[in-house]
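As a plain string of letters, each chain reads:
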Amino acid sequence: AFGPENIELADVAYEDTGKRVGEICAGRPLKAPGEKVAKGLLPKCVLVTATATSKAKQSVKDAAVYGYVRTATGDSAIANNPDFRSDAGQFAMIKTVPPGSERVQFEFVAVIPDKDIGAVEGSLGKLTFDSLKAISYPGGARMATFTACELDSLSDECDGEQEKFISK
């Protein structure tokens, strides 16, 4: 592929994973972003299932997910797009999208204003997904989680890693 591959996402269903703050959601610990920005927001780990339609001939890896997600009161559930001015912010990633039309799943952290009806611990409330799409960029991942070794090169996770890069 020479350019980005657009992947349509339709028939969206979602559920609260029930994960608690600190547990891993979408590859990192579940928490609302920023201390001041997160005031009055409850972080929720959401598992989304959708039908992905890809025209690619092979499976696509690490497709970036874009779009709008609204809460029951019309607020943005995506922290990096609080005013709906842009869908330019990637908010999730689909590990693998098979060719054709197939069901796929991905997780993302929704930030639910605590004023929303039902936005109490354990309750997600109604979400509305608009303009949802995935894009695969040539050359690989746009948003990838750091490994334990990348975060701390002295950790036990790095045992044997350096040898992979030393020429013999």
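Residues numbered from 1 in each chain as written. Predicted model: local features only at pLDDT ≥ 70, side-chain atom pairs only at ≥ 80, totals over all residues. Heavy atoms only, no water.

Engineer: I'd like a rundown of the overall build of the chain, residues and numbers included.
Structural biologist: Counting its secondary structure elements, the chain contains one helix and eight strands. In the chain, the succession of helices and strands from N to C terminus is β-β-β-β-β-β-β-β-α. Counting all 168 residues of the chain, 35% fall into the buried class. A fraction of 78% describes how many contacts in the chain between residues 6 or more apart in sequence connect residues 24 or more apart. Of the roughly 10,500 Å² of accessible surface on the chain, a fraction of 51% belongs to carbon and sulfur atoms. (Helix = DSSP H or I, 4+ residues; strand = E, 2+ residues; numbered from the N terminus. Buried < 20%, exposed > 50% of the residue type's maximum accessible area, 1.4 Å probe, protein only. Contact = heavy atoms within 4.5 Å. Areas by Shrake-Rupley, 256 points an atom, 1.4 Å probe, with all protein chains shown as cover.)

Engineer: I'd like a description of the state of the cysteines, backed by residues and values.
Structural biologist: According to the stated counting rule, one finds one disulfide in the structure shown. What pairs with Cys25 in a disulfide is Cys45, and their sulfur atoms sit 2.2 Å apart. In this structure the cystine formed by Cys25 and Cys45 twists about its S-S bond by roughly 85 degrees; its chirality is therefore right-handed. Of this pair, Cys25 sits in strand E2 (residues 24–25) while Cys45 sits in strand E4 (residues 41–54), and the two are 20 residues apart along the sequence. (Disulfide = S-S within 2.5 Å.)

Engineer: Go over the nonpolar core with me, naming the residues and quoting the values.
Structural biologist: Leu9, Phe91, Ile94, Phe106 and Phe108 are the most contacted members of the largest nonpolar core, which has 27 residues in total. Secondary structure elements with two or more residues in this core: strand E1 (5–16), E4, strand E5 (60–70), strand E6 (92–97), strand E7 (100–113) and strand E8 (128–136). Ranked by residue count, the leading element in this core is E7, at five residues. Dropping the residues within four chain positions of it, Phe91 is found in contact with Val65, Tyr66, Gly67, Val69, Ile78, Phe106, Phe108 and Leu132. (Core = buried A, V, L, I, M, F, W, Y, C linked by side-chain atoms within 4.5 Å.)

Engineer: Quick rundown of the pairing of E4? Include the residues and the values.
Structural biologist: With respect to burial, E4 is a largely interior element, twelve of its 14 residues being buried. Alignment of E1 against E4, held across seven bridges, turns out to be antiparallel. Paired with Glu15 across the two strands is Leu47, which belongs to E4. Here E4 runs beside E7; their pairing, made up of 14 bridges, is antiparallel. Paired with Ala50 across the strands is Val104, a residue of E7. (Pairing = 2+ DSSP bridges.)

Engineer: Hey, could you go over the packing of aromatic side chains for me, with residue numbers and the actual values?
Structural biologist: To describe a pair of aromatic rings, one takes the distance between the centres and the angle between the planes. With the rule as written, the count across this model stands at four aromatic pairs. Note on Tyr14 and Phe129: the rings are 5.7 Å apart at their centroids and 50 degrees apart in plane angle, and the pair reads as tilted. With Tyr14 in strand E1 and Phe129 in strand E8, this residue pair connects regions lying 115 residues apart in the sequence. Considering the side-chain rings of Phe91 and Phe108, the 5.0 Å spacing of their centres and the 75 degrees angle between planes classify their relative orientation as edge-to-face. Pair noted here: Phe91 is in the loop between E5 and E6 and Phe108 is in strand E7, with a separation of 17 residues, a long-range link. Each member of the pair, Phe91 as well as Phe108, is classed as buried. (Phe/Tyr/Trp six-rings, centres within 6.5 Å; stacked < 30°, edge-to-face > 60°.)

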